[in-house]
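A structural walkthrough
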Amino acid sequence: MKASVLLTLLCLSCSFPLFGADGNAGLEQFISSYKQLQFQYDYEKNEAESSKLRDSWIVPVQINYSYSKNNAFGVGQSNQNAAIRINQPIFQSGGIYYGIKFANASKYYTKYSIDVAKRKMIKDTIAVLMQIKQTEFKEQKQKLQIKNSEINLQQKKEEYFSGQLDSGFLDDAVIQKNTALSVLYDIQAAKEKLVSSFHALSDLDYTKVAIPKLKLLEHDEFLQHNIVLQMDRAQTEKNRYNKNVTLAKYLPKVNLTAGYNWKLTTNQAFQVGPTIVSNSNELNYYDYGIALSIPLDINTFRDIESAKVDYLKAKIVLKDKQRELNSLYEQVMHNIENYNKKIALSNENIVLYTKLLEDTKKLFKAGYKTEYDVQRLANSLQIQNIDTKIYELDKQLELLNLYEMYISNEK
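For clarity, every value in this text was computed on a predicted model and none was experimentally measured.

Some words on the overall build of the protein chain
- If you tally the helices and strands in the protein chain, you get seven helices and four strands.
- Going through the 411 residues of the protein chain one by one, you find that 37% of them count as buried.
- Sequence separation of at least 24 residues holds for 81% of the intrachain contacts in the protein chain that already meet a minimum separation of 6.
- As presented, the protein chain carries roughly 24100 Å² of accessible surface, and 55% of it is formed by carbon and sulfur atoms.

Structural data, given as structure tokens:
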């Protein structure tokens, strides 16, 4: 990898700052408001679910109440019972601590997962916008090529009617023009598909919105602020704490138990000899204590081993992802270098066509060249300029593959 090839995603344009605190500021406007709202709901749900998971070790307080009535012995009597009970774990051999850590790691993993999906959608939207601009350049280029084919056809007609060419050369010129027109129609059809795709992703008017300008980013910076790696690191942490939680599940656990009970009986009837006696009474009391438990499960070691394997696999996945991203970066750099070569070649052609055009204009004024020659060279010069713009957008599309996973910490 050449040291001269640096990659720094700086600013999209004067109107669109590339990164904010969340790495998406200024870019969210490219996706539609409905899609932004969907991601916002995903973030809010993640907050709620992570809080629920973090506090899942706190058991609910059980509140019970019952009421019954009967007419035993011909006397209407009623019974009311109420109770409040708790059975709260206060020690789980580290399970509570690691459970909270697991919940926090799960929160970050899910957040990064949402971020990755959001960045991909933003990247896809910007890519379509760039591709629309490319098709517009290609359309301009193709129209110039059609003009050149029309010039060529006109010259062949004149040479044919003057007896200098046979009909085969004229047929070839007609075919070339028709082929050029057919390519133009294909480009226009492709543009319409891209415009339709952009409208499905964004609320913006593609004819007015500025295209983001992405610049080069250093390899180390790309990896250091890579959101996919952050997600995989969170997955590794999540599995590490889950391994500890699984182990603690089979170790001693201590619970605090407590309760309050209340009972009210009205017109309780019972028979004493031949006499039916009834009375009412109310009873209330409390209890508290601790409970120790140790689960004995035949699948204990299998469960622990399974959680351990998940953690080891997550570590390997993280290392493998780093290698994939290194390869991606190198491939993007290689592709950009190739486009730079094409741009350099187009620039050389621009210099060449500019000189040829100047000389041809002089020869035309002197009567040695035709207006057709001048116009064809002028069109070819414009084509080279357009090629340069197309290659620049190709470079931007390559950079998008890195931007999709890059998130800045700049405020």
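With respect to the packing of helix α5 (residues 227–248) against helix α6 (residues 300–366)
- Contact geometry of α5 with α6 gives a least axis separation of 8 Å together with a crossing angle of 165 degrees. Taken together, the axis directions place α5 and α6 in an arrangement best described as roughly antiparallel. The handedness of the crossing between α5 and α6 comes out as left-handed.

Brief notes about the pattern of salt bridges
- All told, the structure shown has 19 salt bridges when counted by the stated rule.
- Salt-bridge contacts for K141 lead to D387; the nearest nitrogen and oxygen are separated by 2.8 Å. Taken together, the positions of K141 in helix α2 (residues 95–161) and D387 in helix α7 (residues 371–403) put the pair 246 residues apart, joining distant regions of the chain.
- Note on D387: relative accessible area 9%, which makes it buried.
- A salt bridge links R240 to E237; its shortest N-O distance comes to 2.9 Å. Of this pair, R240 and E237 both sit in helix α5, separated by three residues, roughly a single helical turn.
- The class for R240 is partly exposed, based on a relative accessible area of 27%.
- Taken together, the salt bridges that share partners define one network made up of K133, E136 and K191.

Describing a nonpolar patch on the surface
- A cluster of nonpolar side chains, contributed by V61, I63, I84, Y260, Y286 and Y288, occupies part of the molecular surface with about 730 Å² of accessible area.
- Locating V61 in the fold gives a position in the loop between α1 (33–54) and β1 (62–70).
- A relative accessible area of 48% means that V61 is categorised as partly exposed.

Some points on the environment of F222
- With respect to the helices and strands, the residue F222 is situated in helix α4 (residues 219–224).
- Residue F222 is classed as buried on the basis of its relative accessible area of 0%.
- On a C-alpha basis, the gap between F222 and S408 in space is 9.5 Å, while along the polypeptide they are 186 residues apart.
- Every residue in contact with F222, bar those within four places of it in the chain, is listed here: L217, L325, L328, Y329, L402, M405 and Y406.

Rules used throughout
- One numbering rule holds for all chains: residues counted from 1, following each sequence as written.
- This being a predicted model, a pLDDT of at least 70 is required before a residue's local features are given, and a value of 80 or more before pairs of side-chain atoms are given or counted; all residues contribute to the totals for chains, interfaces and linings.
- To get the side-chain values, all heavy atoms of the structure are used, and hydrogens and water are removed first.
- Strands are runs of DSSP state E lasting at least 2 residues, helices are runs of H or I lasting at least 4, and numbering of each runs from the N terminus.
- The rule is simple: take the accessible area with a 1.4 Å probe, protein chains only, and divide by the maximum for that residue type; under 20% is buried, over 50% is exposed, in between is partly exposed.
- Contacts are residue-level and defined by heavy atoms, with any inter-residue pair within 4.5 Å sufficient.
- Per-residue accessibility takes into account occlusion by the displayed protein chains alone, with areas from the Shrake-Rupley method and a 1.4 Å probe.
- Geometry is summarised by axes, namely lines fitted to C-alpha atoms with helices restricted to the contacting stretch, and by angles between N-to-C directions that run from 0 to 180 degrees.
- Any angle that falls under 35 degrees is termed roughly parallel, while one over 145 is termed roughly antiparallel, one within 65 to 115 roughly perpendicular, and all others oblique.
- What makes a crossing left-handed is the near helix being turned counterclockwise from the far one by less than a right angle; a clockwise turn instead makes it right-handed.
- Any carboxyl oxygen of Asp or Glu within 4 Å of a side-chain nitrogen of Lys or Arg constitutes a salt bridge here.
- Nonpolar side chains (Val, Leu, Ile, Met, Phe, Trp, Tyr) are joined into patches within 5 Å and like charges within 9 Å, using only residues with over 30% relative accessible area and no salt bridge.

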